[in-house]
Amino acid sequence: MIQRLNAVPATRNCLDLAALAELPADPTRLARELRLARQQADRALGEAFANQVEIRELVHARAWVLEQLVLIAWERLAPEHGSLELCAVGGFGRGELHPHSDVDLLILTREDADSQREILERFVQVLWDADLHPGHSVRTVDECISEASSDVSVATNLMESRLLSGRGELFSAMCEATGPSAMWPADEFYAAKCAEQDDRHEQYEDTIYNLEPNIKDGPGGLRDVQMIGWVTHRHFGTSTLHGLVEHGFLSEREHDDLVEGRDYLWSIRWALHELAGRAEERLLFEHQRRLAERFGFGECSESNQPVEQFMQRYYRSAMQLARLNERLLQSFDEELLAGRKHLPSADIDKHFRLRQGYLELKDPHAFVMEPKLLMRLFLVLSAKPDIRGVRASTIRLVREHLYLIDEEFRTDSEVLAMFLELLRSPRLVYSQLARMNRYGVLGALLPQFGQITGRMQFDLFHVYTVDQHTLFVIRNLRRFAYAKYPDQFEHAIDIFKRIERPEVLYLAALFHDIAKGRGGDHSELGAEDARAFVDRLDLPQSDRDLIVWLVLEHLLMSRTSQREDISDPEVVNRFAAQVGNQRRLDHLFVLTVADIAATSPKLWNSWKDSLLWELYGAAREALSRGLEHPVDRQASVTETRKEAIGLLVERGAETSDVEILLKNLPDGAFLRLDAEQLAWSGAEVLAADRIPLVACRRLEHKGISEIFVHAEDFAGLFAVVARELDRMQLNVLAARVVTTRDQKSWDIFQVMDANGQPLNRSDAARLRKLLAEQLAAKTVRPLPPRPVPRRLQPFMGRAEITLGEHEAMTLLEIAATDRPGLLSAIAEALVARNLRLIDARIATFGQRVEDIFLIADSAGQALDDDACKVLEEELRERLDVEGQGRRKTGNGRRETGEGKR
């Protein structure tokens, strides 16, 4: 009845059992000696792990070590106590422990535990003092029955229990009373564990592709493997995964894949526990680099490639485990849940049939005889939306016959025609492409896509792996087609209605990031891949050319809208010339929206939408007018001035007052600010009786607030504003800096609050008051250093600083990881060097900021070489200091959609 673990080779030098057998029952000395013994064993097992001893042996060895130490404590403190029985449960019960795993114990007692309290408290205290991480419960058999009957997780724990010490009468009674014949029969147990898994996966957004995945509880993690084992144990009474092979649920190859995947996650978990010094189950950014080096992917000091390769290996392992979990649970579903027999069964064609609602291949040899059925299967599914899914046996056949997708298959005109037909399907395009990816068909059909499967980018900007992001782009395009989420995608939905052949967009989306991670320009390499593929398809030449162009230029619109001044006619004309025609513009706009929205759930917002829509409208006008007739800057200045005057007069201002006011603005103001901004800010100035003036308004349609600052100009004005915005933790999206002819600021800042929303009334009032006070004092008080958030620290690379001449002034470009206080630090550096800020353009891309400042010396001239060098040193001292997380780790990204500066 007693079920103790056997020693394995790795335990040979772990413990001196003879010396431990001589330990006295004194709790203090016992705890000290047990702690020293555990430390010695941990060192021995750590060396064994470093020497690449098999992980299976190590997790069993550590469970054996802890079992010996627990038993020594039990035998000294509760010798031959007939009313108590000591049991191992959970991972300890399975004999699988990692360096900081808990030791889960169940103590069975015949009666109320109060009479045993002193013995049990002393025992548990010794385990804690010995640092054995005990997790214990004391129950009678009746209490076990009550708990297990109402909680499937308790029933699962008891199912894995082992008797370590005692007569076994209570243990036997407990096992019999909580077994499948008494409660939680296999079908009910399975259904409850499925619901438990669904709830667990939902906590991790039901995706394995989290930036910091939980390798124990996340989708594709160790719990998914245990889930399979638990159902197998409950249904078949076998405690090994090989029982699934014996009962026909797994092939030997699938069993090997399952065990190999579990062992790989075990190895990561072991190393993670050692690195963290605790029971850490999350692959946090600060651990990913060190794990990449530890697992032989190379040094991470100068490149992100090793950590990205390590994480790709992890994601692929997790993906494979998730696929096996999905298929096996469906097999269990078909085996255990008879309630589906009312679902339809019928022949579909000579190769496929519907069986209890699921698609099944009639002949298990059909793929060999006709490989094209591997593609046709997905066409059948898209044509019949009522089909619930694919039978587990057919999924296995697909996976086993992927080898048939060779070069001949990939170039077969009939296969390519079916793939194109799938993309043209009125429904389930994304669903079937995602299914093709899960089954491995998409990566086999497009080997370049297989290379990006599971590939992550070590930053906070790209939340998903490249393959998942690509599929989400297509999902967004399908949402536009169905007019879903019109509050978020109103413009994209409207433009999508003009797209005659949506398959052009789907193909462009499929290839737009397909060359990520290969080195070189992924847009150019992806365009080459796209050209090679689309030239095989039965598409008009114009469509093929458009697909290739979209892949090549898929970043053009987002970069232009966020990095350049789209109020400048020259910028718009240059963009329109690159686009060339209205059809390209429509496709590029829709693809760009889908791409940004698929990068991160937090990245798409009304602000991004308004920028893209403004650029789209300006480019459409330029194309309609004709590229040979561009609007020049002076014409734009005149038109904006005239429109602003009209708006102000409409709102009650005197024409003469307006003309005098706007005459004080330089021509650049009419390029940097639109007529509505000029009318709003002008009205505020005309109504004000004093300066400094600070005004604020909400722009609901853009999801932002605008802050207008009008004050006597002084060297630290921008730094004062930046300080207060940062102190209130506002996200600065753009800054339009203008100095009037009589040396007053006319600056407009576009901001969101920390939650990505426009400022509420109370915050706006507080900002107006504080900022006006600080501007009146004309004193720059640097913010005290603020700690860099944990998630940002691994990305705190050296800032990229570029200085060059531009229109008789100096252009300062800074690319860096965003963090609290960054904009303030830059502004304070300019003040420290007595420099004037002429203009500023703020751009954020995830956690990466790319800001451009037009600056001059105190005399209004460009900086000379020496001054540029001194400024760069000043900036580096403020941006790259150790206290702000200086580490040579390459480029970084930001944690939220916009930056706190």
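My aim in this report is to walk through the structure given alongside it, one point at a time.

What counts, and at which threshold
Residues numbered from 1 in each chain as written. Predicted model: local features only at pLDDT ≥ 70, side-chain atom pairs only at ≥ 80, totals over all residues. Heavy atoms only, no water. Helix = DSSP H or I, 4+ residues; strand = E, 2+ residues; numbered from the N terminus. Buried < 20%, exposed > 50% of the residue type's maximum accessible area, 1.4 Å probe, protein only. Contact = heavy atoms within 4.5 Å. Areas by Shrake-Rupley, 256 points an atom, 1.4 Å probe, with all protein chains shown as cover. Lys, Arg positive; Asp, Glu negative; His and termini not counted. Charge placed at Lys NZ, Arg CZ, Asp CG, Glu CD. Polar contact = N/O pair within 3.5 Å; in protein donor to acceptor, adjacent residues only side chain to side chain. Salt bridge = Lys/Arg side-chain N within 4 Å of Asp/Glu carboxyl O. Axes fitted to C-alpha atoms, helices over the stretch in contact; angles between N-to-C directions. Parallel < 35°, antiparallel > 145°, perpendicular 65-115°, else oblique. Nonpolar A, V, L, I, M, F, W, Y, C, P; charged D, E, K, R; others polar. 1 Å grid on protein atoms, 1.4 Å probe; cavity = no way out; pocket = protein on both sides within 12 Å on 5 of 7 lines; lining within 4 Å. Points joined across faces, edges and corners; volume = space filled by probe spheres on them. Pairing = 2+ DSSP bridges.

1. Here's the deal with the overall build of the protein
For step 1, the next point in the chain: Helix and strand content of the protein: 39 helices and 17 strands.
For step 2, the next point in the chain: Looking at the protein residue by residue over its 901 residues, the buried ones come to 57%.
For step 3, the next point in the chain: Contacts in the protein between residues at least 24 apart in sequence constitute 73% of all its contacts with a sequence separation of at least 6.
For step 4, the next point in the chain: Accessible area for the protein stands at about 37,300 Å²; split by element, carbon and sulfur atoms hold 46% of it.
For step 5, the next point in the chain: Positive and negative charge centroids in the protein, built from 114 and 143 side chains respectively, lie 1 Å apart.

2. Structural notes on the side chain of Asp753
For step 1, the next point in the chain: Secondary-structure assignment places Asp753 in the loop between β12 (747-752) and α37 (761-777).
For step 2, the next point in the chain: Side-chain polar atoms of Asp753 contact the backbone nitrogen of Asn755, separated by 2.8 Å.
For step 3, the next point in the chain: Residue contacts for Asp753: discarding those within four places in its chain leaves Gln729, Leu730, Asn731, Pro758 and Leu759.

3. Some thoughts on the pattern of salt bridges
For step 1, the next point in the chain: Across all of its chains, the model carries 65 salt bridges by this definition.
For step 2, the next point in the chain: Residues Glu564 and Arg574 are paired through a salt bridge, measuring 2.5 Å at the closest nitrogen-oxygen approach. Here the residue Glu564 occupies a position in the loop between α28 (556-563) and α29 (569-579), and Arg574 occupies one in helix α29, the gap between them amounting to 10 residues.
For step 3, the next point in the chain: Salt bridges here are not isolated pairs; linked through shared partners, they connect Arg38, Asp42, Arg62 and Asp131.

4. Digging into unusual backbone geometry
For step 1, the next point in the chain: Going from Ile691 to Pro692, the amide bond is cis rather than trans, its omega being 10 degrees.
For step 2, the next point in the chain: The residue Gln356 is not glycine, and still its phi comes out positive at about 50 degrees.
For step 3, the next point in the chain: Along the polypeptide, Gln356 turns up in the loop between β6 (352-355) and β7 (358-361).
For step 4, the next point in the chain: The phi dihedral of Gln743 is positive, around 65 degrees, even though this residue is not glycine.
For step 5, the next point in the chain: Residue classification places Gln743 among the partly exposed residues on the basis of a relative accessible area of 39%.

5. What to know about the packing of helix α19 (residues 413-423) against helix α25 (residues 503-511)
For step 1, the next point in the chain: Running from N to C, α19 and α25 point in directions that differ by 110 degrees, and their axes come no closer than 9 Å. Judged by the angle between their axes, α19 and α25 are roughly perpendicular. On the side of α19, the interface is formed by Phe419, Leu420 and Leu423, while α25 contributes Glu503, Tyr506, Leu507 and Leu510.
For step 2, the next point in the chain: Split into classes, the residues belonging to the contact of α19 with α25 amount to six nonpolar, no polar and one charged.

6. A look at empty space enclosed by the protein
For step 1, the next point in the chain: Taken as a whole, this structure holds four cavities of 30 Å³ or more when the rule is applied.
For step 2, the next point in the chain: Quantified by volume, the largest cavity comes out at close to 190 Å³.
For step 3, the next point in the chain: Around the largest cavity, the lining comprises 20 residues; the ones closest to its centre are Gln562, Trp607, Leu733, Ala734 and Ile842.
For step 4, the next point in the chain: When residues in the lining of the largest cavity are grouped by element, the largest group, four residues, is from strand β11 (residues 731-736).
For step 5, the next point in the chain: Among the residues forming the lining of the largest cavity, the class breakdown is nine nonpolar, four polar and seven charged.

7. Considering the pairing of strand β13 (residues 800-806)
For step 1, the next point in the chain: Pairing between β13 and strand β14 (residues 809-817): seven bridges, direction antiparallel. Note that in β14 the partner of Gly804 across the bridge is Leu811.
For step 2, the next point in the chain: Between the end of β13 and the start of β14, which pair antiparallel, lie two residues, with Glu807 showing a positive phi angle near 50 degrees.

8. Comments concerning helix α36 (residues 717-727)
For step 1, the next point in the chain: Counting buried residues in α36 gives 10 out of 11 residues, a clear majority hidden from the surface.
For step 2, the next point in the chain: Considered for burial, the residues of α36 that qualify are Leu717, Phe718, Ala719, Val720, Val721, Ala722, Arg723, Glu724, Leu725 and Asp726.
For step 3, the next point in the chain: The positive-phi residue at the C-terminal boundary of α36 is Gln729, with phi of around 55 degrees.

9. A word on the sheet that holds strand β9 (residues 693-699)
For step 1, the next point in the chain: Here four strands make up an open sheet; going across it, the order is β9-β10-β12-β11 and the pairing antiparallel. Of all strands in the sheet, those with a lone pairing partner are β9 and β11, marking the two edges. Averaged over all neighbouring strand pairs, the angle between strand axes comes to 20 degrees, with direction disregarded.
For step 2, the next point in the chain: Pairing geometry for β11 and β12, over five bridges, is antiparallel. In the sheet register, Val732 faces β12, and the bridge partner there is Val751.
For step 3, the next point in the chain: Sitting on the sheet, α36 is in contact with β10 (704-710), β11 and β12, with an inclination near 20 degrees to β12.
For step 4, the next point in the chain: Helix-sheet contacts for α37 involve β9 and β10, and the interaxial angle to β9 is about 155 degrees.

By themselves, these observations are geometric and do not establish any function.
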